[in-house]
Amino acid sequence: MAAHRCCFPVWLFILCSFSLFIIAGSQETTVAPEQHASVLDNPQTAAETAEQTAGESGGVEERRWEGTEVRDAAAQKQAEPAVLQPTPQPKDDFQEELVVRPLHSGDIYASFQFRTLWETDFMRGNKVSHYRLFPKSLGQVISKFSVRELHISFTQGYWRTMQWGQPYLPSPPGAELWVWFQDSVTDVDATWKELTNVLSGIFCASLNFIDSTNTVQPSASFKPLGIGNVTDHRFLRYATLPREIVCTENLTPWKKLLPCGSKAGLAVLLKSEKLFHSSFHSQAVHIRPVCQDWQCKTTSWELRQTLNVVFDLHNSGQGKREWSLFKMFSRTLTEACPLASSSKIYIDITDNPEGEQFELSPATSLLSQAMVLGDRRTFSVYDLTQQDTFGSVRSLNLLIRWKSTEGDMLRPLLHAERYVAGYGLQTGEIHTLMYNHHPYRSFPVLLLDSVPWYLRLYIHTLTVTSKGKDNKPSYIHYQPSKDRVRPHLLEMLVQLPPNSVTEVTVQFERALLKWTEYTPDPNHGFYVGSSVISSLVPSTVAMDTNSTRERPLFSSFFPCKEESSYFVRVYTEPLLVNLPTPDFSMPYNVICLTCTVVAVGYGSLYNLLTRSFQIEEPSPGLAKRIANVIRKMRGVPPL
Amino acid sequence: MSGLPGFLIDDRLHFPSCPSQGGQRFLVEMAAPLTLLLVLAVTIRAALFRSSLAELIAERVEVVSPITAWKRVVEGLALLDLGVSPYSGDVFHETPLIIYLFHFVVDYAEITFMLDIKTTLTFTDLSLMLFQFRKQKFALEADRYPLDCLELIRSPKEMYYIPLKVAMFYLLNPFTILSCVAKSTCGLNNAVVALFIFSTIKGNTLLSAIFLCLATYQSIYPLTLCAPAMLYLMQRQYIPVNFRRASFWWFIAQYLFMYLGSLFVLICLSFFLLGSWDYMPSVYGFILSVPDLTPNIGLFWYFFAEMFEHFRLFFLCVFQINVFFYTIPLSVKLKEHPVFLIFMQLAVISIFKSYPTVGDIALYMAFLPVWSHLYRFLRNTFLVSCVLLACSTLFPVLWHLWIYAGSANSNFYYAITLLFNVAQILLVSDYFYAFLRREHHLTYGLYLKRKDGSEATLVLK
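Residues numbered from 1 in each chain as written. Chains lettered and ligands numbered in written order. Predicted model: local features only at pLDDT ≥ 70, side-chain atom pairs only at ≥ 80, totals over all residues. Heavy atoms only, no water.

**Comments concerning the overall build of chain A**
At step 1: When helices and strands are tallied, chain A shows 14 helices and 28 strands.
At step 2: When burial is assessed residue by residue, chain A has 54% of its 639 residues classed as buried.
At step 3: Taking the contacts inside chain A whose residues are at least 6 apart along the sequence as the reference set, 76% of them involve residues at least 24 apart.
At step 4: Of the accessible surface of chain A, which amounts to about 29100 Å², a share of 56% is contributed by carbon and sulfur atoms. (Helix = DSSP H or I, 4+ residues; strand = E, 2+ residues; numbered from the N terminus. Buried < 20%, exposed > 50% of the residue type's maximum accessible area, 1.4 Å probe, protein only. Contact = heavy atoms within 4.5 Å. Areas by Shrake-Rupley, 256 points an atom, 1.4 Å probe, with all protein chains shown as cover.)

**A look at helix H10 (residues 205–218) of chain B**
All names here are of chain B.
At step 1: Between its first and last C-alpha atoms H10 spans 20 Å; for 14 residues at 1.5 Å apiece the expected length is 20 Å, and the two agree.
At step 2: In terms of residue burial, H10 counts as a mostly covered element, since 10 of its 14 residues are buried.
At step 3: Inspection of H10 places Thr205, Ser208, Ala209, Phe211, Leu212, Cys213, Ala215, Thr216, Tyr217 and Gln218 among the buried residues, and these make up the whole buried set. (Expected span 1.5 Å × (residues − 1).)

**Let's talk about the pattern of salt bridges**
At step 1: Applying the stated criterion to the full structure yields 22 salt bridges over all chains.
At step 2: Here Arg115 of chain A ties to Glu302 of chain A by a salt bridge, and the two come within 2.7 Å at their closest N and O atoms. Within this pair, whereas Arg115 of chain A is found in strand E3 (residues 108–118), its partner Glu302 of chain A is found in strand E9 (residues 299–311), the two being separated by 187 residues in sequence.
At step 3: Among the residues examined, Glu302 of chain A registers a relative accessible area of 0% and is labelled buried.
At step 4: For Arg288 of chain A, the salt bridge is made with Glu302 of chain A, and the minimal N-O distance between the two is 2.7 Å. Highlighted residues: Arg288 of chain A in strand E8 (residues 280–291) and Glu302 of chain A in strand E9, separated in sequence by 14 residues.
At step 5: Taking the relative accessible area as the measure of exposure, Arg288 of chain A reaches 6% and is therefore buried.
At step 6: Because the salt bridges share partners, they merge into one network encompassing Arg456, Asp483 and Glu509 of chain A together with Arg72 and Asp292 of chain B. (Salt bridge = Lys/Arg side-chain N within 4 Å of Asp/Glu carboxyl O.)

**A few points about the packing of aromatic side chains**
At step 1: Throughout the structure, instances matching the rule amount to 67 aromatic pairs over all chains.
At step 2: With a centroid separation of 5.8 Å and 20° between ring planes, the pair formed by Tyr602 of chain A and Tyr606 of chain A is classed as stacked. One end of the pair, Tyr602 of chain A, and the other, Tyr606 of chain A, are both in helix H13 (residues 587–610), four residues apart, so they sit about a helical turn from each other.
At step 3: Among the aromatic residues, ring-to-ring pairing joins Trp301, Tyr302, Phe395, Trp399, Trp402, Tyr413, Tyr414 and Phe420 of chain B into one connected group.
At step 4: Here Arg101 of chain A stacks its cationic end above the ring of Tyr168 of chain A, 5.1 Å away from the centre of that ring.
At step 5: Of note, Arg379 of chain B hangs over the ring of Tyr433 of chain B, and the distance from its end group to the ring centre comes to 3.6 Å. (Phe/Tyr/Trp six-rings, centres within 6.5 Å; stacked < 30°, edge-to-face > 60°. Lys NZ or Arg CZ within 6 Å of the ring centre and 35° of its normal.)

**A look at the sheet that holds strand E12 (residues 358–361) of chain A**
Residue and element names in this part refer to chain A.
At step 1: With respect to topology, three strands assemble into an open sheet ordered E10-E15-E12, the strand pairing being antiparallel. Lying at the two open borders of the sheet, with one neighbouring strand each, are strand E10 (322–324) and E12. Ignoring strand direction, the axes of neighbouring strands in this sheet form an average angle of 10°.
At step 2: Here three bridges tie E10 to strand E15 (residues 399–402), and the two strands are oriented antiparallel to one another. Bridge pairing in E15 links Glu322 to Arg401. (Pairing = 2+ DSSP bridges. Axes fitted to C-alpha atoms, helices over the stretch in contact; angles between N-to-C directions.)

**Concerning the packing of helix H11 (residues 226–236) of chain B against helix H17 (residues 338–352) of chain B**
Residue and element names in this part refer to chain B.
At step 1: Packing of H11 against H17 brings their axes to within 9 Å, and their N-to-C directions diverge by 170°. Comparing their axes, H17 and H11 come out roughly antiparallel. Along the contact surface, H11 presents Pro228, Leu231, Tyr232 and Gln235, while H17 presents Pro338, Val339, Leu341 and Ile342. (Parallel < 35°, antiparallel > 145°, perpendicular 65-115°, else oblique.)

**Examining the environment of Val506 of chain A**
Residue and element names in this part refer to chain A.
At step 1: The topology assignment puts Val506 in strand E23 (residues 500–510).
At step 2: Here Val506 falls in the buried class, since its relative accessible area comes to 5%.
At step 3: The residues touching Val506, leaving out its near neighbours within four places in the chain, are Gly428, Glu429, Ile430, Leu457, Tyr458, Thr461 and Leu462.

**Details of the nonpolar core**
At step 1: By size, the foremost hydrophobic cluster in this structure holds 201 residues, and its most contacted members are Tyr255, Trp371 and Phe432 of chain B.
At step 2: No other element matches the 15 residues that helix H20 (residues 410–444) of chain B contributes to this core.
At step 3: The two domains that each donate at least three residues to this core are domain 1 (414–577) and domain 2 (585–609) of chain A.
At step 4: Contact partners of Phe432 of chain B, with chain neighbours within four places excluded, come to Leu605, Leu608 and Leu609 of chain A together with Leu330, Lys333, Leu334, Phe340 and Met344 of chain B.
At step 5: Val100, Trp301, Leu307 and Ile345 of chain A belong to the second largest nonpolar core, which has 89 residues in total. (Core = buried A, V, L, I, M, F, W, Y, C linked by side-chain atoms within 4.5 Å. Domains from an automatic or database assignment.)

**With respect to the UniProt feature "transmembrane region" (unreviewed entry) in chain B**
Residue and element names in this part refer to chain B.
At step 1: As annotated by UniProt and renumbered to match this structure, "transmembrane region" (unreviewed entry) occupies residues 30–48, 169–197, 255–277, 283–304, 311–328, 340–370, 382–405 and 411–433.
At step 2: Structurally, residues 255–277 is divided into 87% helix and 0% strand, and its ends, taken at the C-alpha atoms, are 27 Å apart.
At step 3: From the first C-alpha to the last, residues 283–304 spans 19 Å; its make-up is 55% helix and 0% strand. (UniProt positions renumbered as here; feature names shortened; annotations may be inferred.)

**What about the confidence of the model for chain B?**
Do not read the predicted coordinates in detail wherever pLDDT is low.
Residue and element names in this part refer to chain B.
At step 1: On average, residues of chain B score 82 in pLDDT, and 82% of them reach the 70 mark or higher.
At step 2: With pLDDT under 50 throughout, residues 1–22 is counted as low confidence; its partners more than four residues away or in other chains account for 23 contacts.
At step 3: The low-confidence segment residues 140–144, where pLDDT is below 50, has eight contacts with residues more than four positions distant or belonging to other chains.
At step 4: In the predicted assembly, ipTM is 0.89 and pTM is 0.83. (pLDDT = per-residue confidence, 0-100.)

**A few points about a nonpolar patch on the surface**
Residue and element names in this part refer to chain A.
At step 1: A cluster of nonpolar side chains, Leu622, Ile626, Val629, Ile630 and Met633, forms an exposed patch at the surface whose accessible area comes to about 520 Å².
At step 2: Looking at the secondary structure, you find Ile626 in helix H14 (residues 622–634).
At step 3: In this structure Ile626 comes out as partly exposed when scored by relative accessible area, which is 46%. (Patch = residues over 30% accessible without salt bridge, like charges linked within 9 Å, V, L, I, M, F, W, Y side chains within 5 Å.)

Written as structure tokens, this is what we have:
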């Protein structure tokens, strides 16, 4: 269908210019890629042709720069008023891309992003029934539950910020779900409950364990990412399941949401036996409304499916520092998804401008530059929609061969970690450490902590210290827990002084639960979800004020606004806390023994209350009693 | 013989006639040892406050319960400062009046405040016992008992030191010291109860009702003290306990009106202080439904931690009714002896309440010297005191083994709580037995003979 629609103007063009005979319809599917490529070659009809025109006019330039493209990793802070394609386009659109970032630790970070845009309105009275690229299951969820925004992630492993830098899309270990509802929803809690159960079915995950005891309504930390500036947090629900194990059964339904499934395009690389044999795996679905054009006259729904994975050097590299698509995914690429309007692979070569760190093959001449997480990064780009990317073997197997083992990564400016202090099973203390590595700028961070009710937090023991001094938070939102009903929610705005560690401590008390409330492995401990630290971090680009290298002097005096800071969300480690346990084997014994003690109390009082003192008469012996019975029968007076 | 009890009542009705001479004399003569005792008690507390033990004691589950823990009061104040209702969470369970009281007092000197509470408490306790002592003296001075019972009746000389002993029993009781050092608000409750007993014995109906209402407002259980208070006040006002008499019902109505009226005022005051009824489920619902299963010395925590879910409500009702259940039969049995009834009620409450602490035990233990004339009839003093001592030392040991060392499990601690409660039950029932037996002997003579002239043994039948 898509191929047919795309090909129609092509056919017209060919008919006009060459007046040739019409090719038979049977050849249609096989020629489609070629035709598509020819469209891109044509400057009049191509959509994203900046690099193409540059290439054609520049001719022999060795490195070509891709046209300005807004990278979206830092786009969480606001709705993206991105205009991608000025030409009239179909109502829905699909893009796929893969970013590969060689990490200094020798590991390799691959981030897939699949984006489906659909200009429709789920909230209208008439039902949307015709689905093309957008998955119907999610569309129905949006319309049934009046969802404004939905963000769900499943993560296995913990992202090591200090070794790997910031991820493009952060996510906490386990499952995380946060949803903004439309303000037309009256009973948000009931809708949320239903929604989690439905999502649990869609993603084959234990999201049905989300209930009021692990759901919070953050007041400041999770703002809508799409359009619409509704900030009434009554319509927001946030929950994490830090214990959730992510595996193949979650990946399969996730892949099914893609228009091409795992049949074509980048998704063929997603083989679970390799993906889950990694240090870190995270898959996510983000749904939000975005603007269709820069004036925001029409809105469309964006479904962004992301999958991040970090492959371990020592685990699968067999000691050699060498990477290829085949080694990582045990597949190579042969084609783009035919439904995709763009399909690209980006390799981060910022630290490797002259090829001294690693060698990339096959080499590409196409380069792209983008601001990612406050840093200007350079990428080699492979466009899968172009046939020559695949070369003569008709398959693309990217190879990275490391040359040197050393290399220093720019330290992430914001970093956080958390642990439980104290010993014994009675009390404890949660320590959260937030590092600001910026040499001279301080910046505020929003810390969100959601602690289950069975760790009873004492907010009066909250201390925030940085550089040995008390650092009073400028904003604290605290909602105490209710036993078996809702968790603690602590949100605060803390200013992190430059080049410092800020320590937040709060004491808690461990509760003894009912024996039925423990998990099947109670001595393993109970998980406490990650703290969420959201911040606008001053960017590293703005940091080097002495940069005259790239910019003319007149542009570099005042720090540029949009580059001066970027949004980062950092998740700390989840905590594993032991609770005191009762003996699970003896409920009967306990019930019996306690009831016995109560009965002893009752019985002794009853005894004293109902009886009176009497002089004890010695009871006659057995022989005498028998004799008396006989005498009574005989009618003789007893002895 | 049957006329004797009524006669006794008549006799006792003389006691309030000359109220204060003995008290004056006592206070003058006892001033020195009493001051010494107070100084000693304050020194011990101050020393413990300053030492590093104070923090340790404040965390002990035997000393503080979720209701009375000072840490939770501070948490409630912190929540109030943050602009969050202290009752929106499940940490703070004190009544609104307490939190506002501490809100104003905590800034000045919490420590001296707590000490003050203790000393005022003991003072009231002391004077209470003083009056109690006088009452008994007057009651017993009437020399109308069988001749051989004279040795059962305490001479004034024996009784002379009882107030001092009571003060000592309370002030130097390790349980009291611990709960004072832990700054448990249990001390406050004890003070209110002591004031209630004091004003009751002084015969002040209004104050008695008000303090009883305060005690009830703090924790529901003192409600059962209503019966002994009314019995005592009726005795003082020569109102016979007779259901057919209008004066009886009129007095009950008066007392209940004062009691319920002040309760109504307190509850409304709390409502206006907070502007919401949130505190009702958070304070009284918390006491009655026992959601917090933190270990303590009582019977509830482990029982409801191990309870099958569908029986929970049933057993909850059974256990809570159990506390209130003894009021009516005990009142019937002890209607001539309301002060002993107060003691029994306090003991029953502190054994069977949902979140007991050692402070509650200290309150009824302070009464023990008052019943020193019962020692003769106690049957298992040695056993009970050994068990109580052993349990008190084993509590921290087994707690450590369970919570810190991990070499024992919860059953160890649970076993000790069971034993501790059995010992308390034995103690209380033993005193009850001794009291009843003494009453029996006072009526029938001490050395009872059988029909054939041999020495008789008394049995309960």
